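# Breakdown of the fold
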Amino acid sequence: MSSLERRLAAVVGRNRVTTTKTDRLIYGFDAGRGRFLPEAVVYAESAEEVAAVMRLAGELKVPVVPRGAGSGLTGGALAVHGGIVLSLTRMNRILEIDTENLLAVVQPGVVTAELQAQVEKRGLFYPPDPASKEFSTIGGNVAECAGGPRCVKYGVTRDYVLGLEVVTPAGEIIHTGGRTLKNVVGFDLTRLFVGCEGTLGIATEITLRLLPKPEAKKTMLLFFSSIDGAAESVSAIISARIIPATLEFMDRATLACIRGRTEIDLPEECGAALIVEVDGCREWLDGEAARVMAVVAGRDVIGSVVAETEEESERIWQMRRAVSPAVREQAPDCFNEDIVVPRSKIPQMIRRLETLSVESGLPIVNFGHAGDGNIHVYILTDLREAGMEARVDALIEQVFAAAVELRGSISGEHGVGLAKARYLDMELSPDTIAYMRTLKRALDPDNILNPGKIFLRGRDDE
Amino acid sequence: MNNVLVQKTPGRHNVLEDFADAIQRCVRCGACQAYCPAWSAGRREGDVARGKVAVAAAMLAGELGRGAELESAARQDISLCLMCGSCTCGCPNDVPTAEIVGAIRREVAAEAGLSAVGVGVAALLGSKTLMRGVAAAGAALAPLMMEKVPESSGLRLRFPLDRLPAVGERILPAPAGKSLFARLPERIEGQPGRPKVAFFAGCAITWLFPQIGEKMVEVLVRLGCTVYLPKGQGCCGMPALSSGDGPLVSRLASANVRAFAPLNVDYIITACASCGSGIGEYYHTMGGDSAILAKKVVDFTVFLEEEGVCERLAALPRAVKRQKVCWHDPCHLKNRGILAPPRHLLAALPGVDFVEMEGASRCCGLGGTFSVHHSEESLLIGEKKVEGVQECGAELVATACPGCVMQLETSLCRAGLPARAVHLLELFGEAELAALAND
C-alpha cells in the first residue's frame, strides 16, 4: 500500500480507495481523446469526505480531479498531472423535490435523466437536456454548464442553479445562493462555480429551480432544397418572436449519413432539414405551429412532416438521435466542435463552414441546436494519413476564428478543459485571461484542484 | 447444403484477439452507464461496459497481464458482469461487451482454473460477505433432486450447493418430482401440413419447472405441430459460458447438435430466453454445426405470434375477472429485439389487463452465475427492478425466462410486495388452449 493510499484510506476507509493498475487505467480517460493515469481513485460519499480529501491533498500537494459520469468531451475529468481522481458517482441521492417552491435538492452524482423522470412524475420540469442526459450527472452538468436542444427556449444549466454547497480547494465547505429566485447578498458565487470545470470548487449539493411541465408539444420536420433556406428560416423564426422549445438543424451531409437508418423518408433533393418543436398549452400549439409554417414558407421548403401523435414525434426524434453514431461511422477519426454564434449569424457561419470544408479538402458535417446558434461541427478524417493532424488543427483553428469573428464563442456547451485550452486566447483578451487566473491562484494557490484545465499551462507555471 | 447438420464440429470459441476491432470501436462515450445493471449497483468504472472494454484494450496492448497473470482488480471487474448484453443495445457502436467478457473469462479459467473467474477478490466497495450460510440452503434445494440433474447442467453452476446464499435471501424453486422428460414422450405426431418443431427445454424447465414445459408442448400440440422432445438434449451452456468454462460449452453444443440434427425439424422452440440466446445466439458465434443449429432457434413468443395466436386469443370473450399483468423483458429477449410479441400475447389474453411498467427492459439482476458470485449486487439490482412493478400496480409480472421468474420472485418477496412473478405460458388456461385448435 502506497503512502498516498494509506492516507486516503484513513479518510474514506480502505474499501473506497484504489491504486490498482486496473483502476488507474480505466479511470484514465473520459469521453474525449486524452488519456492520463491518476495515482489513486477515491469514491466519496459525503461533503465531509470530499473536504477531508481536499485537505489531505493540500497537505501532500497532490492534484484532485473531480469526476462524475466521465462523459465530458473536453477532458475535464482527466488527471492531466496525475494525483487523485475523486469519483462522485456514489453521491447520487435526490434529497428533496419541493413541489411548493418548485425546486429540487440533489447530490452531484444524480443522473440528469433520472432527476427529470422523478420531477416529471410530479408535473414538474428540469429543462437542460445535454445529449448525454441518460448517463451524465448533475454535478458534471453544473461544472461544465451543460446545454442541450431545449436551451433555445429554456436556457442552460446556469439558469436553473439556485444554490450550491461547495467544497473549496482548501477543504472548507461553503454555501452559495439558496432556495429563492431572488438573492443579492454578496457576490454571485453560484454563477462563478457553474461552468468552472471543477477548477474552483466541487459542488456536493445542488439546489435546482424547476418549472411546471409543459402540457403538450408539437414536433415539425421541415425539408429545404438549400442550406441557405434552412439557415435563414432559423433566423426568421426567431425574429418573428417565436421561441420554439427546440430548433435543430441538419445539413445535407448529415442527412446523407442517416438516410436509410430512419423510418422517415428523406428526399434526395433535400439540402437541409430543421426539426422545430413548440410546447405549451394544447389549444395554443396548433396556432403556433401554423405561424412557424407561415414564416418558413417561400424559403426553399420542399416538404414537411407535422407529428400528430406521440409516435410520430418520436420517429422524428429517433432520426435526430441517429445522427451522432451515423456520423461517427463515416471516418476513422472524428472531431466534434461545438461553436456558437449569435442566431442571426447562422446563415453566414454555415456558408463559412462550407467554404472551409472545400478549401481544406476535409469533409465537415454540421448539425445541432441552431435555435440558440450552437452548431456541432464534425470534421471527418483519418489521422493515419501523413500530415493529417496538422491539417485538422489548422481547420479547427479557422472554424474557431470564424465563430469568434461573428461574435460567437469557440464552445457553447462542452467547455474548454484540455481540448480547447490552446485556443482560449482567440476569444478572451490577455487581461481577461489574467483576471481569471488571478482568481484561480487566489482560491487555489497550490493548484490542487483540477490542474491543467482551461488555461494552457497548469501546475508548473506558478 | 448450408442448412444440413452434419455433426462434424461444434465450432470454436472466439478469443480476445478476435475482438480487437470491436474493442477499437468503443469511443468511451459512457452511454453504457444508462443500461448496465452492474453499474447501477456499484457505480464504479470497472462495473460498466466502458471500463471492461478498457480492461480488454489494456490486455491486448500488454498493459495488463493475460490469463492467470491478469491483475485481481481486473478479474473482479470482468467477474462483475451479468453478460446480459444491455450495454450493447444502447451502444452507438454495437460493442459486444458480453462476448468480450466471455472471452476473457475463458482465457482466465483456462489458465488459472474456473474458480479464478467467478470468485470475486476482496470486494472493493462496502463490506461484503458474498457467501453466507450454506447448510440451510442445501436443504431448500432438495439434494435428492439435484442428484438426478446431470453433472453438466447449468443448474449446478447456478445453485452450487456449497455456495448458496442463506435461505431467506433468495427464493429457490420447489423441486419437481418428475422431470419434463419423464412426463412426456419424445415425439407427438401433429396434423399433416403443420410445422415440425422440436422443443429445447433447458435445465430450469426440465428439472425445476416441468409444468411450464408441459404447457409449452400442449400449446404446440393444440396448434397442430408435430413436436419432438429429444431426450439427448442437454444444457444450452449459458451458465458454463458465464463461468468461463469453454470446454464444457463445446461439449454441450456437440451434444445438442447430436440430439437435434437427425430430427430435421422446421424450428427449434425455446421457452427460456437465456437458452434461446445460448443455442440461438452464442452457438452462432461458434460457427460450424452449432451455427447451423442456431439458425432454427425461435423463441415461443415469436412463433406463437406468427402462428396467429394473438388473433385467436383476442377473439375470445374477455373474462369478467381479470388480472392486472405487467411484462418484464428478459435481457436475452430484449437483446434479440423481441419486445413486441410477448406484449401482443399478453394484451390478447382474455383474463389479462396488460399494463406497461416503468423499466420493463431493466435487467432483473440474476445474470446466470452472477447472482451466486455477486449476491449482494444481484439483490440490489432486483430491488430497483421491482419499483416499477409497485408503481404500475400489477398483480402479476409475466416474463419468459425461468431464471427471471426466480429472481423476480425473490425481489418481490424481499420488497414485501403482494405481486407474483409468472412465466407467460402459465397464463394459458383451458379456454386459451382450446382457442388454439385448428379444427
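Chains are numbered independently. Their residues run from 1 in the order of the written sequence. Just so you know, chain letters begin at A and ligand numbers begin at 1, following the order they were written in. Since the coordinates come from a predicted model, pLDDT governs what is reported: local features require at least 70, and pairs of side-chain atoms require 80 or more to be given and counted, while whole-chain, interface and lining totals use all residues.

### Some points on the overall build of chain B
Counting from the N terminus, the helices are DSSP H or I runs at least four residues long and the strands are E runs at least two residues long. A tally of regular secondary structure across chain B gives 25 helices and nine strands. Burial in this document is a count-based property: other C-beta atoms within 10 Å of a residue's C-beta are tallied, and the residue is buried at 20 or more, exposed at 12 or fewer, or partly exposed in between, with C-beta positions derived from the backbone. Sorting the 439 residues of chain B into buried and exposed places 55% on the buried side. Distance between backbone-placed C-beta atoms decides contact: two residues are in contact if it is within 7 Å. In chain B, the proportion of contacts linking residues at least 24 apart, taken out of those at least 6 apart, comes to 79%.

### Some points on the pairing of strand β17 (residues 364–369) of chain A
All names here are of chain A. Counting buried positions over the six residues of β17 gives six, a clear majority of the element. Looking at chain direction, strand β13 (residues 246–251) and β17 are connected through two bridges and run antiparallel. Following the sheet pairing, M250 is matched in β17 by F367. Bridge analysis of β17 against strand β18 (residues 374–381) gives six bridges, and the strand direction is antiparallel. Bridging from a neighbouring strand, G368 pairs with I375 of β18. Following β17, the chain reverses through four residues before pairing antiparallel with β18; G373 in that reversal takes a positive phi of roughly 80°. Between any two strands, pairing holds if DSSP finds at least two bridges.

### Things to note about the sheet that holds strand β5 (residues 297–299) of chain B
All names here are of chain B. Judged by pairing direction, the sheet is mixed, and its five strands sit side by side in the order β1-β3-β2-β4-β5 without closing on themselves. Each edge of the sheet is formed by a strand with only one pairing partner; in this case those strands are β1 (187–188) and β5. Relative to strand β3 (residues 226–228), strand β2 (residues 196–200) runs parallel, the two being bridged by three bridges. Bridge pairing links K196 to T226 in β3. On top of the sheet, helix α13 (residues 210–222) reaches β1, β2, β3 and β4 (267–270); it is set at about 175° to β2, its chief contact. For helices, the fitted line uses only the C-alpha atoms of the stretch in contact; every axis is such a line through C-alpha atoms, and the angle between N-to-C directions lies from 0 to 180 degrees.

### Notes on the nonpolar core
Judged by nonpolar contacts, the single largest core of 267 residues is most densely connected at V42, V53 and A273 of chain A together with F199 of chain B. Looking at this core, the element that brings in the most residues is helix α3 (residues 49–60) of chain B, giving eight residues. Setting aside residues up to four positions removed in sequence, A273 of chain A forms contacts with L221, L222, F223, F224, A230, M250 and L255 of chain A. Any nonpolar core is a set of buried residues, restricted to Ala, Val, Leu, Ile, Met, Phe, Trp, Tyr and Cys, that join up through C-beta atoms within 7 Å.

### Section: the domain arrangement of chain A
All names here are of chain A. Here the limits of each domain have been adopted from an automatic or database domain assignment. Segmenting chain A into domains produces domain 1 (3–87), domain 2 (94–212), domain 3 (216–325), domain 4 (331–421) and domain 5 (426–461). Distance between the C-alpha centres of domain 2 and domain 4: 29 Å. Taken together, the contact pairs eight residues of domain 2 with nine residues of domain 4. Residues are grouped as follows: Ala, Val, Leu, Ile, Met, Phe, Trp, Tyr, Cys and Pro are nonpolar; Asp, Glu, Lys and Arg are charged; all remaining types, including Gly, are polar. For the side of domain 2 that touches domain 4, the per-class residue count stands at five nonpolar, one polar and two charged.

### Observations concerning the interface of chain A and chain B
Quoted interface sizes are often the accessible area lost when the parts come together. Contact residues are listed per partner, giving 24 residues for chain A and 26 residues for chain B. For the side of chain A that touches chain B, the secondary-structure elements that each account for two or more residues are α2 (21–26) and α12 (323–328) of chain A. Examining the composition of the side of chain A that touches chain B, we find that five residues originate from one element, α2 of chain A, more than from any other.

### As for the domain arrangement of chain B
Residues and elements named next belong to chain B. When the domains of chain B are assigned, the result is domain 1 (16–118) and domain 2 (312–434). On a C-alpha basis, the centroid separation for the pair domain 1 and domain 2 is 29 Å. Looking at the side of domain 1 that touches domain 2, the elements that each hand over two or more residues are α2 (37–42) and α5 (86–90). By residue number, the principal contributor to the side of domain 1 that touches domain 2 is α2, which donates five residues. Considering only residue class, the side of domain 1 that touches domain 2 consists of eight nonpolar, seven polar and no charged.

### Regarding the packing of helix α15 (residues 246–260) of chain B against helix α17 (residues 288–295) of chain B
Residues and elements named next belong to chain B. Where α15 contacts α17, the two axes come as close as 10 Å, and the packing angle between them is 55°. Relative to α17, the element α15 is oriented oblique. Regarding α15 and α17, the two cross each other, and that crossing is left-handed. Along its contact with α15, which presents A253, N256, V257 and F260, the element α17 presents D289, S290 and L293. Tallied by class, residues from the contact of α15 with α17 come to four nonpolar, two polar and one charged. Working definition: roughly parallel below 35 degrees, roughly antiparallel above 145 degrees, roughly perpendicular at 65 to 115 degrees, and oblique for all remaining angles. By convention, the crossing between two helices is left-handed when the near helix turns anticlockwise from the far helix through less than a right angle, and right-handed when the turn is clockwise.

### A word on the sheet that holds strand β9 (residues 420–423) of chain B
Residues and elements named next belong to chain B. The four strands are arranged β7-β6-β8-β9 in an open sheet whose pairing can be described as parallel. For this open sheet the edge positions go to β7 (352–355) and β9, each flanked by a neighbour on one side alone. If you compare each strand with its neighbour and ignore which way they point, the axes differ by 35° on average. By the bridge criterion, three bridges tie strand β6 (residues 323–327) to strand β8 (residues 396–399) in an arrangement that is parallel. Bridge assignment links C326 to a residue of β8, and that residue is V397.

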